[in-house]
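Notes for the structure review
The chain contents come next:
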Amino acid sequence: MRQVALDAVRLNLDEICFTEHVDYGVKTEWNQPEGARFEDGRPVTNCPYVPYLDELERTREELGDRITLRAGLELGVQTSTVGRNHALVRTLGDRLDFVICSIHQVGDLEFWNGDFQRGRSQEEINCAYYEELLSVVECFRDYSVLGHLDLIRRYDPFGDYPFECVRDLVAEILRRVIDDGKGIEVNTSGMRYGLGDFQPSRQVLELYRDLGGTVVTVGSDSHRPEHLGSYLRLAYRELRELGFSSVWTFERGEASPRRLS
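Okay, so let's go over this structure. (Residues numbered from 1 in each chain as written. Predicted model: local features only at pLDDT ≥ 70, side-chain atom pairs only at ≥ 80, totals over all residues. Heavy atoms only, no water.)

1. Observations concerning helix α1 (residues 2–10)
What counts is decided by this rule: Any residue under 20% of the maximum accessible area for its type is buried, any over 50% is exposed, and the rest in between are partly exposed; the area is computed with a 1.4 Å probe on protein chains only. Secondary structure elements are defined from DSSP: runs of H or I of at least 4 residues count as helices, runs of E of at least 2 residues count as strands, and each element is numbered from the N terminus. Of all possible arcs, the one meant is that of the directions from the helix axis to the C-beta atoms. The contact criterion used is simple: two residues touch if any of their non-hydrogen atoms lie within 4.5 Å.
Restricting attention to buried positions, one finds in α1 the residues Ala5, Asp7 and Ala8. Projection of α1 onto a plane perpendicular to its axis shows the buried side chains occupying an angular sector of 160°, all on one side. On the buried face of α1, the contacting elements are β1 (15–22), α2 (49–63) and β4 (68–76).

The following block contains the structure:
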């Protein structure tokens, strides 16, 4: 964590937020690794919440005013795990600045390994994804923004799915987000994954704008040093072109705008 923060200072970033993953249903807790899958000889679990936040606080104190460090989580929420995610956010309380709500799996079937897509048509894959996301936002409020809203594009084995086929579903999701006073994330990793666009796409951002949405964050979703801060300026330019005046940051769950210059 300290090295990531120092890398951010070197890149002249003035603020970053760490968002460790939590995926109830497909990952065990960090202190209960029984039943976890193993990668490179280590169990894949949810992050150790308190040690993670403690380390972040130590890094924050060490670097002082060289950079602003925010504490966050990225929750891979399913309708079946809403209660556990709600309890976690409430437990950690004001130690969290920022919470991303994402859909990484449906029915405990993950996208990255193809389990969810297997045996489904392209229409079934896309409709099931957005219907799950709509069901989640209808009953879950403990988040700041929706992460990479059209993530399924990255994992669609059939290629691009016409936006018009899911536009009405996406509009329902965005209306709920706006009504609840939440926002959406512009995730720049779509560029490095070869999608030729951010996530969500320009079409989704236009729809969000037209529905009255204003709260937008921008993140590079970095998992490696070379990802840190990638394509941020390009994302800011696109947001300006679409008429957004600000990007937003969060402190203790409270959003504040930063004007796009």
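Next comes the rest of the write-up.
2. Description of unusual backbone geometry
Geometrically, the link from Gln199 to Pro200 is a cis peptide bond, its omega value of 10° lying close to zero. Of note, Pro200 is situated in the loop between α7 (189–192) and α8 (202–210). Residues other than glycine seldom take positive phi values, yet Asp40 does so here, at roughly 55°. Within the secondary structure, Asp40 sits in the loop between β2 (38–39) and β3 (42–43). Residue Asp40 is classed as exposed on the basis of its relative accessible area of 82%. The phi dihedral of Asp221 falls on the positive side, at around 50°, and the residue is not glycine. Turning to its location among the elements, Asp221 is positioned in the loop between β10 (216–219) and α9 (232–241). For Asp221, a relative accessible area of 19% puts it in the buried group.

3. Some details on the side chain of Ser102
Mapped onto the elements, Ser102 comes out in strand β5 (residues 98–102). In this structure Ser102 comes out as buried when scored by relative accessible area, which is 1%. Sequence-distant contacts of Ser102, that is, excluding residues within four places in its chain, are made with Glu74, Leu75, Gly76, Val77, Gly147 and His148.

4. Some words on the side chain of Gln78
Our working definition: Polar contact is defined as a pair of N or O atoms within 3.5 Å, subject to the rule that within protein one atom must be able to donate a hydrogen and the other to accept it, and that residues adjacent in sequence are counted only when both atoms are side-chain atoms.
In this structure, Gln78 sits in the loop between β4 and α3 (82–92). Only 3.2 Å separates the side chain of Gln78 from the backbone oxygen of Tyr24, close enough to count as a polar contact. Engagement of the side chain of Gln78 in a polar contact is seen with the backbone nitrogen of Gly107, the distance being 2.9 Å. If we skip the residues at most four places from it in the chain, Gln78 touches Tyr24, Gly25, Gln105, Val106, Gly107, Asp108, Glu132 and Val136.

5. Examining the packing of aromatic side chains
Here is the rule: Any two rings among Phe, Tyr and Trp, with Trp reduced to its six-membered ring, count as a pair given centres within 6.5 Å; such a pair is stacked if its planes are under 30 degrees apart, edge-to-face if over 60, and tilted if neither.
Taken as a whole and judged by the stated rule, the model has seven aromatic pairs. Here the aromatic rings of Phe111 and Phe116 are separated by 5.1 Å at their centres, their planes lie at 65°, and the arrangement is edge-to-face. Here Phe111 matches Phe116 in class, with each residue buried.

6. A word on the pattern of salt bridges
Side-chain pairs of opposite charge can arise whenever the charged atoms involved come near each other. Where we set the bar: When a carboxyl oxygen of Asp or Glu is within 4 Å of a side-chain nitrogen of Lys or Arg, the pair counts as a salt bridge.
Applying the stated criterion to the full structure yields 21 salt bridges. The salt bridge partner of Lys27 is Asp23, with a shortest N-O separation of 3.2 Å. Each member of the pair Lys27 and Asp23 is classed as buried. The salt bridge involving Arg153 is made with Asp150; its shortest N-O contact spans 3.0 Å. A relative accessible area of 23% means that Arg153 is categorised as partly exposed.

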